[in-house]
Structures are given as structure tokens and as C-alpha cells.
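Residue-level structural notes
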Amino acid sequence: MGTFTTASPHPVRPMDQTKTRKAFASAKQVAELAGVSRSAVSRTFTPGASVSEETRRRVIQASEKLGYHVNHLARGLLRKSTGIVCLVVADSDTPYMSRMVRTLARHLQEAGKVAMVIDTTGPSENVEHALRQTLNYRADATVVLSGTPAQSIIRTCLDNGQRLILINRDDRLAGPYNLSLDNRLAGKTAFETFIKAGCKRLAVVASEAGTPSLMAREEAFIEAARASGMEVTSTRNGRTSYEAGVAGARALFAGRGAGHGGAGREPPDAAFCVTDLIACGFMDTARHEYGLSVPDDVSVIGFDDIEQASWLSYRLTSFSPPVEELAAAVVDLATISETAGEQAPASRVLEASLAWRDTVRGKKG
């Protein structure tokens, strides 16, 4: 497996005791059975180390018989590299985040690393606690996919030799690597797409999360509209979820709720939803509570290109983040060799392409 998990211990039944003893066989026992030195056992399991084929054969044969496995964690502590990369996430049950974690774990496993997932769903102080935990595990690197940990705790991690990779943060603290999506470009492109489709009354549907990525999408959309002399009705509701889209649709189409719209204003004919989950809730509510047609009555664009976006019930036009490219970039940063003098840019911005489907009036372009 490519992830590090913790399970509750279970009593060992008598019939399992032999297997348990095998699992904890030592390198010394392997050396004695194979008739070689202990250092020969170590060299056999060290990539690139010099060992004869005959010695290797005898060590492997003895290891299989005893059920011996190298303790990579202990070995890593000695050479200051445990092979662990911590993924600090929140809302890991959401479609986009679960896809991101799954992709990262696969890429890390292929690179010989182990992903340890720390879920920080809940209060923001959970993120700081999680980052402190990574110091205890002496992780090679920590990837912060969510939350907004204070710069002070980030500095603490850096001072303790922790390599940090931050996803979609807008601060410029020296030390961590920053990977982000061009969220502002997406907001501007969403506006231009609606204009090409002939939409005239625009809205943006967001949550109250206030994360840098979500705010950048929303602000860029509004700024592009105002630069063209158009006003945008905006609504923010709760956490970034399906329910935020439901609440947003009700606020816009019933003329009540959060936001800058309200009674006496015509409902929008286009809505930029800052995530696909919000878009799904928005579309379902527009259709089933207000009898509106998507895209004939209201065009919709989302962001994340989650699996549900391609379902027949939605066929949502959405911005598709380059998840594979992002994961590969994380692995590059987590495995780059400082001793070899390798360097990587402190920040990198990736572009999310627009995946065209059926929720915008007219045709592509």
C-alpha cells in the first residue's frame, strides 16, 4: 500500500504466533541462517550496494524463510530520511480532494515514498496540530493541501528541517515550495465564456470558506465583469459543499438570503460556481425548485472537473485542474536532493483547462 495508516491492535491467537515471530525476525538471524555477515544482509537490501550474486541469493532465501522485512523507518531515521511524506488535508471525503489524495499517494508510492494522510477537518487550529505531528514522524516532506496554517507554525516546521510544499496559498513566506492553480485566469475565462454565449445577468456562487483559491476565482470573475461595465450578483453560503449551491440558488432565484442581490432584481442568466459541488447543488435547486432549464434559462460553469461533472444529470462545463501534473510536481519537490545541489523554483503556477459540456448556451468558442 502507498499510505501509512494506524489500526487498533488485536490479540494474537495461538495459531498466529509463528507468523508473528517470523514478521519480527532480525537481520542477525538472517545472517546466521545464510552464513554471511550482518553487513552483507544490509548491503543486499540497500539499492546500489555491492554484493555478490551468491550472497544475495542466500540472503534472500533466508529472509523469505524467516519472513524478514527491512525496517525502512528505523533505517531512515539513521540516515535522516524516513521515506514518509505527510499529506495534510481537510474535507478528504469530497470528490476533488479524495481524487487529489489518491493521485498523490500513487505518485509517491511509485517514487518509493509512503504517504501519511493527516485529516484536519474542523477548526483551523487542527492544521497547526497536524503540522507539529509531522515533526514527530520526521517526514521527508509535508504537503499542505488545505487549511490556512499561520506563518509562525510554518516557520517552526522549516526551522526543524521540515520540507514544506503548500498548495494554493497566496502568501510569499520564504522557505516552503508553493504550487498553485491560476485561479484568476479561470475567473476571467468564465466571464468571457458567458459573454460569448450572450449572457447578460451574471452571478457568482461561492462559500464562506474564504480560501485563497476560491477568493481568487470569485474576485477575478467580478473584476472582469466590472471592467466591461457589468455588475455581478454574488452569494456566499456556509462551507464549500453541495448545500452551498442549494442556498445560493435560493438566494438568487427567490430574492432572499446572503449576497448582494435581492428582491426587485432580475434573476441571473449565468452563474459561475467556484467549485463543482456547489454547481451541482445550484443546478439541482434551479431545476427542481424553480423549474428552470440549464442552460436555456441559466448557464453554469464550475471548477474542479469532478467525476460527477460528467454524469448525464449534470454534464457540467468545468475547469479541469491538471491533477496528474500537480501530483508529479509534488513528488519532484518531495524527492529533490539538497545534498546534490539540486534546486527547484520556489513557486509554480499551473493552468486549469475548460472542459466543455452542456451547461453553457451555444457552442464552444
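Up top you'll find the structure we're talking about.
Residues numbered from 1 in each chain as written. Predicted model: local features only at pLDDT ≥ 70, side-chain atom pairs only at ≥ 80, totals over all residues. Heavy atoms only, no water.

**Describing the sheet that holds strand β9 (residues 270–273)**
Strands in a sheet are paired, the pairing made by backbone hydrogen bonds, and the direction either parallel or antiparallel. Using the following cut-off: Here, a strand pair is defined by DSSP locating no fewer than two bridges between the strands. By definition, any uninterrupted DSSP run of H or I lasting at least four residues is a helix, any uninterrupted run of E lasting at least two residues is a strand, and each is numbered from the N terminus. Angles shown run from 0 to 180 degrees and are taken between the N-to-C directions of axes, each axis being a line fitted to C-alpha atoms and, for helices, limited to the stretch in contact. Whether two residues are in contact is decided by their heavy atoms, any of which lying within 4.5 Å being enough.
With mixed pairing, the six strands of this open sheet are ordered in space as β8-β7-β9-β10-β11-β13. Both edges of this open sheet fall to β8 (232–236) and β13 (353–355), since each of them pairs with a single strand only. The sheet shows a mean angle of 20 degrees between the axes of neighbouring strands, direction not considered. The pairing of strand β10 (residues 299–303) with strand β11 (residues 317–320) spans three bridges and is classified as parallel. Bridged to F303 within β11 is F319. Helix α10 (residues 212–227) rests against β7 (202–206), β8, β9 and β10 of the sheet, and its axis sits at about 170 degrees to β7.

**Quick word on the packing of helix α11 (residues 242–253) against helix α12 (residues 276–288)**
Our working definition: Any angle between 65 and 115 degrees counts as roughly perpendicular, while under 35 counts as roughly parallel, over 145 as roughly antiparallel, and the rest as oblique. Throughout, a crossing is termed right-handed when the near helix is turned clockwise from the far one, and left-handed when it is turned anticlockwise from it by less than a right angle. Classes in brief: Ala, Val, Leu, Ile, Met, Phe, Trp, Tyr, Cys and Pro nonpolar; Asp, Glu, Lys and Arg charged; the others, Gly included, polar.
Orientation of α11 relative to α12, taken along the N-to-C sense of each, is 45 degrees, at an axis distance of 6 Å. Our classification of the angle between α11 and α12 gives oblique. Taken as a pair, α11 and α12 cross one another with a handedness that is right-handed. Between α11 and α12, the residues in contact are Y242, A244, G245, V246, G248, A249, R250, L252 and F253 and L277, I278, C280, G281, F282, D284, T285 and A286, respectively. Of the residues that constitute the contact of α11 with α12, the class distribution is eleven nonpolar, four polar and two charged.

**Topic: empty space enclosed by the protein**
Rules: Within this scheme a cavity is a closed region of a 1 Å grid, computed over the protein atoms alone, that accommodates a 1.4 Å probe without allowing it to escape, whereas a pocket is open but has protein on both sides within 12 Å along at least five of seven lines; lining residues each have an atom within 4 Å of a point. Grid points are joined across faces, edges and corners, and a volume is the space filled by probe spheres set on the points.
Taken as a whole and assessed by the stated rule, the structure comprises one cavity of 30 Å³ or more. Considering only enclosed or pocket space, the largest cavity measures out at about 30 Å³ in volume. Lining the largest cavity are A206, S207, G210, L214, M215 and E218. A total of three residues in the lining of the largest cavity trace back to one element, the largest contributor, which is α10. Per-class residue counts for the lining of the largest cavity are three nonpolar, two polar and one charged.

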